[in-house]
Amino acid sequence: MKVLVIGGGAREHALCRSLSLDPDVTALHCAPGNAGIAETAQVHPVDALDGAAVAELAASLEADLVVVGPEAPLVAGVADAVRARGIPAFGPSAEAARLEGSKAFAKSVMASANVPTARSYVCSTPAEIDAALDAFGAPYVVKDDGLAAGKGVVVTPDVDVARAHALACDQVVIEEFLDGPEVSLFAVTDGETVVPLQPAQDFKRALDGDQGPNTGGMGAYSPLPWADPGLVDEVLRTVLQPTVDELRRRGTPFSGLLYAGLAITSRGVRVIEFNARFGDPETQVVLARLKTPLSGLLHAAATGALASFPPLRWTDDAAVTVVVASHNYPGTPRTGDAIEGLDEADAVDGAYVLHAGTSRDASGAVVSAGGRVLSVTATGADIPAARERAYEAVARVRMRGAQYRTDIAAGK
């Protein structure tokens, strides 16, 4: 199978790494990729948001499968453009990707499918915003209705901060605060059959102790020893399958990766949000534990054949990933800083480095090129062992202004 992965972050590096280890993959390509992906796949300088260009590249490569990684190309219809050329694509249509592209649309789908979620108001005027903030009280949860790269959500006890964020957005969803730990659960679906993966937990805040601003994610771990053993089956029954069924009923079937962000509240499981693609950095730890070859699973979803796909196989090992970010992230990050010690980090037993925002400078050296720069990932017999290896590898990476949390998966 010839596979083309679209995107250039650590999620796509994780996908490419798994696909490169898959004996069924005979050729692996990525567009646009990054400095790390280039060592695993042949990279191509294509605009990931240009559906016509992506489809043309896929056709020229005679790709058997195109895997669209990030949300923005999905919302822009890149998977539709690929399918229009007769090439299987893993990723939902632009219509179905509205599940992530519009928080208000997702709330509508959940209401129709009786999916448990937070009570909410969709607001577009100052008066509506004030009424919603007053109705729920602190802590305030304000979500930009559109895509915001994981940074469109503000949770704050300060009503002025909440109001300012809401007024800066064209349309917002203001909802009740959900107590309890958060869980990310991915499911692969062909629009009918839903195959859940193993749950993970990520760390959204920039600083230790869950302090500081929201980010795209600073680390993750899997499995979750504290979670109810029946959690995955419950979420499949009450959240994932009803959502897929509702989208099919509406005439916009969802095929690809359905990501449920969940809160395990005192009143039961509640959906915080849906995403229409693999999450970053959770993908890094989930794929590290998946033993089933990835290409066959994704191809089955893209071609409507999941019902006959064998049960997934998982390693008993745990996985931890720690994100190394640029100076000033999640604000405007400084880029162009040299990154050293990558080979030394890869030499740690059970650890490897996945590139996110990296490129090569004129001399060929690897430099930072974004906010989140690396996802240092490790596996081990349990979470403490995996965590120790991950941080040992992080300690070997050298980059001016590097920042990372020191408490990822601590005490798990």
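In the block above lies the structure referred to throughout.
Below or above, wherever it landed, is the structure these notes cover. (Residues numbered from 1 in each chain as written. Predicted model: local features only at pLDDT ≥ 70, side-chain atom pairs only at ≥ 80, totals over all residues. Heavy atoms only, no water.)

### Digging into the environment of Asp24
What counts, and what does not: Put simply, DSSP H or I for four residues or longer makes a helix, DSSP E for two residues or longer makes a strand, and each gets a number counted from the N terminus. The buried label goes to any residue with under 20% of its type's maximum accessible area, the exposed label to any with over 50%, and the partly exposed label to all in between, with areas taken from a 1.4 Å probe on protein chains only. The contact definition used throughout considers only heavy atoms, calling two residues in contact when any of these lie within 4.5 Å.
Looking at where Asp24 falls in the secondary structure, it is placed in the loop between helix 1 (10-20) and strand 2 (27-32). Residue classification places Asp24 among the partly exposed residues on the basis of a relative accessible area of 45%. Separated by 23 residues in sequence, Asp24 and Met1 have C-alpha atoms that sit 5.9 Å apart. Once residues lying within four places of it in the same chain are set aside, the contact partners of Asp24 are Met1 and Ser295.

### Some details on empty space enclosed by the protein
Short version of the rule: Cavity means a closed set of points on a 1 Å grid over the protein atoms alone, one where a 1.4 Å probe fits but cannot get out, pocket means an open set with protein on both sides within 12 Å along at least 5 of 7 lines, and lining means a residue has an atom within 4 Å of a point. Grid points are joined across faces, edges and corners, and a volume is the space filled by probe spheres set on the points. Residue polarity follows a fixed list, in which Ala, Val, Leu, Ile, Met, Phe, Trp, Tyr, Cys and Pro are nonpolar, Asp, Glu, Lys and Arg are charged, and the others, Gly among them, are polar.
Counting across every chain of the model gives 2 cavities of 30 Å³ or more. Lining the largest cavity we find Lys103, Ala106, Lys107, Met110, Lys143, Val173, Glu175, Ile272, Glu273 and Phe274. Secondary-structure elements contributing two or more residues to the lining of the largest cavity are helix 6 (103-113), strand 9 (172-175) and strand 17 (268-275). For the lining of the largest cavity, the element with the most residues is helix 6, which contributes 4 residues. Among the residues forming the lining of the largest cavity, the class breakdown is 5 nonpolar, no polar and 5 charged. Here the second largest cavity is characterised by a volume of approximately 40 Å³. Mapped onto the lining of the second largest cavity, the elements with two or more residues apiece are helix 1 and helix 10 (282-289).

### What to know about the packing of aromatic side chains
Aromatic ring pairs are reported here in terms of the distance separating the ring centres and the angle at which the planes meet. Which entries qualify depends on this criterion: Aromatic pairing here means that ring centres of Phe, Tyr or Trp (its six-membered ring) are within 6.5 Å. Orientation follows from the plane angle: under 30 degrees is stacked, over 60 is edge-to-face, and everything else is tilted. In this scheme, the term charge over a ring applies when either NZ of a lysine or CZ of an arginine sits within 6 Å of the ring centre and within 35 degrees of the ring normal.
Counted under the stated rule, the structure contains 6 aromatic pairs. Measuring from ring centre to ring centre gives 5.4 Å for Tyr121 and Phe136, while their planes differ by 45 degrees; the resulting arrangement is tilted. Residue Tyr121 is found in strand 6 (residues 120-123), and its partner Phe136 is found in helix 7 (residues 126-136); the two are separated by 15 residues along the sequence. Look at Phe136 and you get buried, because its relative accessible area is 17%. Measuring from ring centre to ring centre gives 5.8 Å for Phe186 and Phe278, while their planes differ by 85 degrees; the resulting arrangement is edge-to-face. Here Phe278 lies in the loop between strand 17 and helix 10 and Phe186 lies in strand 10 (residues 182-189), a separation of 92 residues in the sequence. For the pair shown, Phe186 and Phe278 are each scored as buried. Three or more aromatic residues joined by ring pairs form one cluster here, namely Phe90, Phe186, Tyr259 and Phe278. Above the ring of Tyr352, the side-chain terminus of Arg17 is found at 3.5 Å from the ring centroid.

### Structural notes on the layout of surface pockets
Estimated volume of the second largest pocket: approximately 300 Å³. Glu39, Leu342, Asp343, Asp346 and His355 are the residues nearest the centre of the second largest pocket, which is lined by 18 residues in total. With 5 residues, the top contributor of residues to the lining of the second largest pocket is strand 20 (residues 351-355). Its residues assigned to classes, the lining of the second largest pocket shows 7 nonpolar, 5 polar and 6 charged.

### Notes on the side chain of Ser18
Its place among the elements puts Ser18 in helix 1. Residue class for Ser18 comes out buried when judged on its relative accessible area of 15%. Among all residues touching Ser18, those that are not within four sequence positions of it are Leu287 and Leu294.

### Side note on the nonpolar core
Inclusion rule: Nonpolar cores were defined as sets of buried Ala, Val, Leu, Ile, Met, Phe, Trp, Tyr and Cys residues, with membership established by side-chain atoms within 4.5 Å.
Leu4, Val66, Leu99, Leu240 and Val320 are the most contacted members of the largest nonpolar core, which has 77 residues in total. In terms of residues, this core owes the most to one element, helix 9 (residues 231-249), which gives 7 residues. Ignoring any residue separated from it by four or fewer positions in sequence, one finds Leu99 in contact with Phe105, Ala106, Val109, Thr243, Leu247, Phe254, Leu258 and Phe274.

### A closer look at the pattern of salt bridges
Condition: Within this document, salt bridges are pairs made up of a side-chain nitrogen of Lys or Arg and a carboxyl oxygen of Asp or Glu, the two lying within 4 Å of each other.
Evaluation of the coordinates by the stated rule reveals 25 salt bridges. Between Lys107 and Glu175 there is a salt bridge, with the nearest N and O atoms lying 3.1 Å from each other. Of this pair, Lys107 sits in helix 6 while Glu175 sits in strand 9; the two residues are 68 residues apart in sequence, bridging distant segments of the chain. For the pair Lys107 and Glu175, one class covers both residues: buried. The exposure class assigned to Glu175 is buried, which follows from its relative accessible area of 3%. Each member of the salt-bridge network shares a partner with another, and the members are Glu71, Glu100 and Arg277.

### Observations regarding the sheet that holds strand 16 (residues 256-265)
To be explicit about the condition: Think of it this way: DSSP has to see at least two bridges between two strands before they count as a pair. Axes here refer to lines fitted to C-alpha atoms; in helices the fit is confined to the stretch in contact. Angles between the N-to-C directions go from 0 to 180 degrees.
Read across the sheet, 4 strands follow the order 11-10-16-17 without closing on themselves; strand pairing throughout is antiparallel. Of all the strands in the sheet, the pair left with one neighbour each is strand 11 (194-196) and strand 17. Strand after strand, the sheet turns through a mean of 35 degrees between neighbouring axes, direction not considered. By the bridge criterion, 3 bridges tie strand 10 to strand 11 in an arrangement that is antiparallel. Paired with Ala187 across the strands is Pro196, a residue of strand 11.

### Some details on the sheet that holds strand 20
Pairing is antiparallel in the open sheet, where 5 strands are placed in the order 12-15-18-23-20. A single partner strand is all that each edge strand has here, and the edge strands are strand 12 (201-202) and strand 20. Inspection of the sheet shows strand 12 paired to strand 15 (residues 219-222) by 2 bridges, in the antiparallel sense. Of the residues in strand 15, the one forming a bridge with Gln201 is Tyr221. Here helix 10 sits on the sheet and contacts strand 12, strand 15, strand 18 (318-325), strand 20 and strand 23 (372-380); the angle it forms with strand 18, its principal contact strand, is near 150 degrees.

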